[in-house]
Amino acid sequence: MAIFSSVFLFLLAVGLALLTILTRRKIKESYIGFRAIAYSYDLMSSSFRPGQNTYHFTILGNPVVGLRGQEARKVFFNERNFSTSEGYKVFSKAAPVPELAKTLLSAEEGHGLHFKKQLEILVNKNRLADIIATMLGDMQRLTATWNNKGSMDPFDKINDITFHVTAHMITSNDFVSDPVNFSRFQTHFFTQLKNNTPAMIFLPWFYRQSQREKEIAITSLFTTLTSYIEAREKDKISTSEPIDLLLDHGMNSQEIIQFILGFLFGGVYNATKAISWILIYISMHSQWKMAIRSEVENVLSKHSFDISKPLYSRLSEVPLEAWEESLPTLDLVISETFRLVMNQTVLRRNIGEDVEIPGGQGHVPSGAFVAYSNADAHLEPEIYDDPWSFKPDRFEHGKQKVLSNDFLGWGAGRHRCVGLGIAKLTIKTIVCLFVMTYNYDITRTKRKSHPTIPIPDHNKVNEARPKGEVITLNYQRIEQSVSI
């Protein structure tokens, strides 16, 4: 009996020990997985062992391989079997209905043949002059509602502009001109973004209300676009409006909705982030703001001679070639801002065979997810000297020898942004109109961020605001008598 009791106690102790080990392992895996989603920048900056360029962990039971270093970066952006859409599928709890799931998943990919084809239909050389005029007209109408001077949250105000401009570019004038329906559409769009949080993925039972709000918002986006597109298709009126052009080219409602949502998801947030931070950085480094103003004045003097016209009208007369080639200072500022603020962690999934990662001791198994933080390149002192400083001139020809996959602001390799041209044009038009319309400076409060310059919180995927502080923009409209 004593022997039986001893054996029982021994087995119980072993069982408890194993249970403790497994529980600790499970807790550790859950903790790492949560950090990987909620604090991806911190995790990817601190988890690699010396000399290794891979870091293996799990998220929701799925194997993930984090990569770092130049050799791993080449593989990440050039391996044909690293899929973008598959990389985000598991971590996108979006769809209340199956057909909407397919639409939103394709929208996240943004690199499919249909997306490229639709983009080429709407954003081509023949239409860009009209697009520029439309964007500037929208911006003028929106900013005209502001007071002549005041203070504002730049992220809110710029967000309104970029959403309106982007939606107008890919839908129709009637759609964005309906104040009630368009406002509701905009509200639902940002509701689903706000409720797309890491906590909802790990604790869906605790965030049922947020999940419900998100599903309602997404369904409303889908149904609003469906009813509008079907109504225009029924009218069979051929116009140059974006939706009509897509219908004329044989696109169905599903394909058009996929394109519209994909363009909005990919364009609005990134444009808002880029423009807001450009305005902040050039205010803190006024020589760059003055240089951009001088550059715009020079372009206007060559292409718009009637100084009695409103500024937005004169800018509309600037040809596409000048927007692309005659604003080199602004190009430098855009590149440097992207380097500092576009440092999100990017996901892929290996849909092929195992992939060896050169320069280290790891590999990416078939079916595993792959994660890479853009900060690995953008904030690396060996690539960019004094990386936490705002120095746009580092991108001047000959000053910075940057390999193509060392600047990731527009993607790299097989995964470059298909909308790069129109995205850059949108950023330029908004920045130019703003700096030529307003004198402004910024106020910083609760400063707890990096000691050199403010930066966004790279852990927060859908947040453009600075980390640890509040930035307010104080503006005053330039009098019409001022020569521009």
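Just so it is clear, the structure is predicted and the values come from calculations on it, not from any experiment. (Residues numbered from 1 in each chain as written. Predicted model: local features only at pLDDT ≥ 70, side-chain atom pairs only at ≥ 80, totals over all residues. Heavy atoms only, no water.)

Undergrad: Help me out: how do you make sense of the overall build of the protein in this one?
TA: A tally of helices and strands in the protein yields 20 helices and 10 strands. Accessible surface, the protein as shown: approximately 23200 Å² in total, 54% of it carbon and sulfur. (Helix = DSSP H or I, 4+ residues; strand = E, 2+ residues; numbered from the N terminus. Areas by Shrake-Rupley, 256 points an atom, 1.4 Å probe, with all protein chains shown as cover.)

Undergrad: Would you take a moment to explain the UniProt feature "transmembrane region" (unreviewed entry) in the protein for this structure?
TA: Look at the UniProt record and you will see "transmembrane region" (unreviewed entry) annotated at residues 259-282. Structurally, residues 259-282 is divided into 100% helix and 0% strand, and its ends, taken at the C-alpha atoms, are 34 Å apart. (UniProt positions renumbered as here; feature names shortened; annotations may be inferred.)

Undergrad: Sorry, what's going on with the sheet that holds strand β10 (residues 470-477) here?
TA: Strand pairing in a sheet relies on backbone hydrogen bonds. The paired strands run either parallel or antiparallel. One open sheet holds the 3 strands; their spatial order is β4-β10-β9, and the pairing between them is antiparallel. Edge positions in the open sheet fall to β4 (149-152) and β9 (438-445), since each of these has one partner strand only. Here the average twist between neighbouring strands, direction ignored, is 20°. Packed onto the sheet, helix α14 (residues 253-284) meets β9 and β10 and runs at close to 90° relative to β9. (Pairing = 2+ DSSP bridges. Axes fitted to C-alpha atoms, helices over the stretch in contact; angles between N-to-C directions. Contact = heavy atoms within 4.5 Å.)

Undergrad: Looking at this model, I keep getting lost on the environment of Arg-444. Mind explaining?
TA: Within the element layout of this structure, Arg-444 appears in strand β9. With a relative accessible area of 23%, Arg-444 lands in the partly exposed category. In this structure, the C-alpha to C-alpha distance between Arg-444 and Leu-473, residues 29 residues apart in sequence, is 9.0 Å. Within the structure, the side chain of Arg-444 is placed 2.9 Å from the side chain of Glu-469, a separation counted as a polar contact. (Buried < 20%, exposed > 50% of the residue type's maximum accessible area, 1.4 Å probe, protein only. Polar contact = N/O pair within 3.5 Å; in protein donor to acceptor, adjacent residues only side chain to side chain.)

Undergrad: Can you walk me through the pairing of β10 in this structure?
TA: Of the two faces of β10, the one holding Ile-471, Leu-473, Tyr-475 and Arg-477 is buried and the one holding Val-470, Thr-472, Asn-474 and Gln-476 is not buried anywhere. When β4 meets β10, the two strands line up antiparallel, connected through 4 bridges. The residue of β10 that forms the bridge with Lys-149 is Gln-476. Note: β9 against β10, 8 bridges, orientation antiparallel. Within the sheet, the bridge partner assigned to Arg-444 lies in β10 and is Ile-471.

Undergrad: I would appreciate a short explanation of unusual backbone geometry in the present structure.
TA: Glycine aside, residues mostly have negative phi angles, and peptide bonds mostly take the trans form. Positive phi, close to 50°, is recorded for Asp-386, a residue that is not glycine. Assignment of secondary structure puts Asp-386 in the loop between α19 (375-378) and α20 (420-437).

Undergrad: Explain the confidence of the model for the protein here, please?
TA: Across the protein, pLDDT averages 81, with 79% of residues at or above 70. Counted against residues more than four places away or in other chains, residues 25-34, with its pLDDT under 50, gives 11 contacts. Counting contacts from residues 94-111, a segment whose pLDDT is below 50, to residues more than four positions away or on other chains yields 39 contacts. (pLDDT = per-residue confidence, 0-100.)

Undergrad: Which parts of the structure should I look at to understand the pattern of salt bridges?
TA: Pairing between side chains becomes possible if they bear opposite charge and their charged atoms approach one another. With the rule as written, the count across this model stands at 16 salt bridges. As a salt-bridge pair, Lys-424 and Asp-331 come within 3.5 Å of each other at their nearest N and O atoms. A residue pair is termed long-range when its members are at least 10 positions apart, and Lys-424 in helix α20 and Asp-331 in helix α18 (residues 328-341) qualify at 93 residues. Since its relative accessible area comes to 17%, Asp-331 is described here as buried. A salt bridge links Arg-394 to Asp-385, with the shortest nitrogen-to-oxygen separation between them at 3.6 Å. On the basis of relative accessibility, which here comes to 41%, the residue Asp-385 falls in the partly exposed class. (Salt bridge = Lys/Arg side-chain N within 4 Å of Asp/Glu carboxyl O.)

Undergrad: Hey, could you run me through the packing of aromatic side chains in this one?
TA: Aromatic ring pairs are defined here through the distance separating the ring centres and the angle between the ring planes. All chains considered together, the criterion is met by 26 aromatic pairs. Seen from their ring centres, Phe-395 and Phe-407 are 5.5 Å apart, and the 75° between their planes marks the pair as edge-to-face. Here Phe-395, found in the loop between α19 and α20, pairs with Phe-407, found in the loop between α19 and α20; they are 12 residues apart in sequence, far enough to count as distant. Among the residues examined, Phe-395 registers a relative accessible area of 19% and is labelled buried. With a relative accessible area of 14%, Phe-407 lands in the buried category. Each member of the aromatic cluster is reached from another via a ring pair, and the members are Phe-163, Phe-175, Phe-182, Phe-185, Phe-189, Phe-190, Tyr-228 and Phe-265. Sitting over the face of the ring of Tyr-440, Lys-289 holds its NZ or CZ atom 4.0 Å from the ring centroid. The residue whose ring lies beneath Arg-339 is Tyr-384, and the NZ or CZ to ring-centre distance is 5.2 Å. (Phe/Tyr/Trp six-rings, centres within 6.5 Å; stacked < 30°, edge-to-face > 60°. Lys NZ or Arg CZ within 6 Å of the ring centre and 35° of its normal.)

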